[in-house]
Amino acid sequence: MTSRIVVTGTDTDVGKTVFAAAVSNAIGALYWKPVQSGLQSETDSRIVMQLGGLSKDRIVPERWSLGTPASPHRAAEIDGLQIDPEALHVPDTGGRPLVIEGAGGLMVPLNRSTLYIDVIARWGLPIVLCTRTTLGTINHSLLSLEAVRRRRIDVLGVAFIGDEQPDSEGIICDIGRARRLGRLPHLSPLTRQTLQAAFARSFDLDDFKP
């Protein structure tokens, strides 16, 4: 069975895109960002191509590309559009692994009635929860894990982003009943080479196999 993983997070700018680039490279996956909000700067697909070393044929085009850097529901409204969550189907990748990156956190609305987490539950795919190691992460992480478990979403594990915080990382995984996959430190410089090396040091590829 092919690895198909949803990379989500506790918040926006938590590090999902950097992690998605690293894991896509490591498992030879295609990458898909179904909904992209904010087109004034580099898109997440472009960042993943650069940091993950992915060729263009490994990028599945966005289903919705929205101009405003805001919650998808609001960005769509500003653009005069409405996102139809029922139209978000997991693409056929011809047997190749697939990494899907969500937008913002789990509970962001896609329209006025549907949250991103509802679509993830419909897909029936396992998630990797990306979370910070900074102050406040315990609350945000445990709330996110509780939300996915209430919807019977499988949790592959937690990927921590930032400086090492053993106590916070441990209590999140213990109380949240989730596997600690590893931790990506903040990298300077952040390049394809430094990212690949950090991922290889901190994560076990066997954890991402179906």
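Let me sum up the structure you'll find in this document.

### Description of the packing of aromatic side chains
Under the definition given, this model contains seven aromatic pairs. Aromatic pair Trp32 and Trp123: ring centres 6.0 Å apart, planes at 40°, arrangement tilted. Of this pair, Trp32 sits in strand β2 (residues 30-32) while Trp123 sits in helix α4 (residues 116-123), and the two are 91 residues apart along the sequence. Here Trp32 falls in the buried class, since its relative accessible area comes to 4%. Its relative accessible area of 10% is what places Trp123 among the buried residues. Taking the centre distance of 5.9 Å and the plane angle of 35° together, the rings of Phe199 and Phe208 count as tilted. As far as burial versus exposure is concerned, Phe199 and Phe208 are alike and both buried.

### Examining the state of the cysteines
Following the criterion strictly, the structure yields zero disulfides and no others. Cysteine Cys130 is unpaired, with the sulfur of Cys173 as its nearest cysteine sulfur at 13 Å. Judged by its relative accessible area of 10%, Cys173 is buried.

### Some details on a nonpolar patch on the surface
On the surface, a cluster of nonpolar side chains totalling about 230 Å² of accessible area is made up of Ile138, Ile171 and Ile175. Here Ile171 is to be found in helix α6 (residues 166-175). Classification of Ile171 by relative accessible area gives partly exposed; the value is 32%.

### Here we look at the packing of helix α1 (residues 16-27) against helix α2 (residues 44-52)
Where α1 contacts α2, the two axes come as close as 8 Å, and the packing angle between them is 50°. Judged by the inter-axis angle, α1 sits oblique to α2. For the pair α1 and α2, the sense of crossing is right-handed. On the side of α1, the interface is formed by Thr17, Val18, Ala21 and Asn25, while α2 contributes Asp44, Ile47, Val48, Leu51 and Gly52. A breakdown of the residues in the contact of α1 with α2 according to their chemical character gives five nonpolar, three polar and one charged.

### Notes on the pattern of salt bridges
Any two side chains of opposite charge can pair, on the condition that their charged atoms come close. Scanning the model with the defined rule gives nine salt bridges in all. Across the salt bridge formed by Asp11 and Arg132, the nearest N and O atoms sit 3.5 Å from each other. Here Asp11 is found in the loop between β1 (4-9) and α1, whereas its partner Arg132 is found in strand β7 (residues 127-132), with 121 residues between them in sequence. Residue Asp11 is classed as partly exposed on the basis of its relative accessible area of 31%. Between Arg112 and Glu77 there is a salt bridge, with the nearest N and O atoms lying 2.9 Å from each other. You can see Arg112 sitting in the loop between β6 (98-101) and α4 and its partner Glu77 sitting in helix α3 (residues 72-78), a full 35 residues away along the chain. On the accessibility criterion, Arg112 (64% relative accessible area) is exposed. What emerges from the salt-bridge pattern is a single network uniting Lys33, Asp44 and Glu101.

### Section: helix α5 (residues 137-150)
Here α5 is 14 residues long and its end C-alpha atoms lie 20 Å apart, about the 20 Å a rise of 1.5 Å per residue gives. The set of residues buried in α5 consists of Thr137, Ser141, Ser144, Leu145, Ala147 and Val148. The arc that holds every buried residue of α5, seen down its axis, measures 160°, which confines them to one face. Turned more than 90 degrees from where α5 packs its buried face, Glu146 and Arg150 sit exposed. Tucked inside the fold, the buried residues of α5 contact α4, β7, β8 (155-161) and α6. One or two positions beyond α5, positive phi appears at Arg152, with a value near 60°.

What counts as what
- Residues numbered from 1 in each chain as written.
- Predicted model: local features only at pLDDT ≥ 70, side-chain atom pairs only at ≥ 80, totals over all residues.
- Heavy atoms only, no water.
- Phe/Tyr/Trp six-rings, centres within 6.5 Å; stacked < 30°, edge-to-face > 60°.
- Helix = DSSP H or I, 4+ residues; strand = E, 2+ residues; numbered from the N terminus.
- Buried < 20%, exposed > 50% of the residue type's maximum accessible area, 1.4 Å probe, protein only.
- Disulfide = S-S within 2.5 Å.
- Patch = residues over 30% accessible without salt bridge, like charges linked within 9 Å, V, L, I, M, F, W, Y side chains within 5 Å.
- Areas by Shrake-Rupley, 256 points an atom, 1.4 Å probe, with all protein chains shown as cover.
- Salt bridge = Lys/Arg side-chain N within 4 Å of Asp/Glu carboxyl O.
- Axes fitted to C-alpha atoms, helices over the stretch in contact; angles between N-to-C directions.
- Parallel < 35°, antiparallel > 145°, perpendicular 65-115°, else oblique.
- Left-handed = near helix turned anticlockwise from the far one by under 90°.
- Contact = heavy atoms within 4.5 Å.
- Nonpolar A, V, L, I, M, F, W, Y, C, P; charged D, E, K, R; others polar.
- Expected span 1.5 Å × (residues − 1).
- Arc of directions from axis to C-beta.

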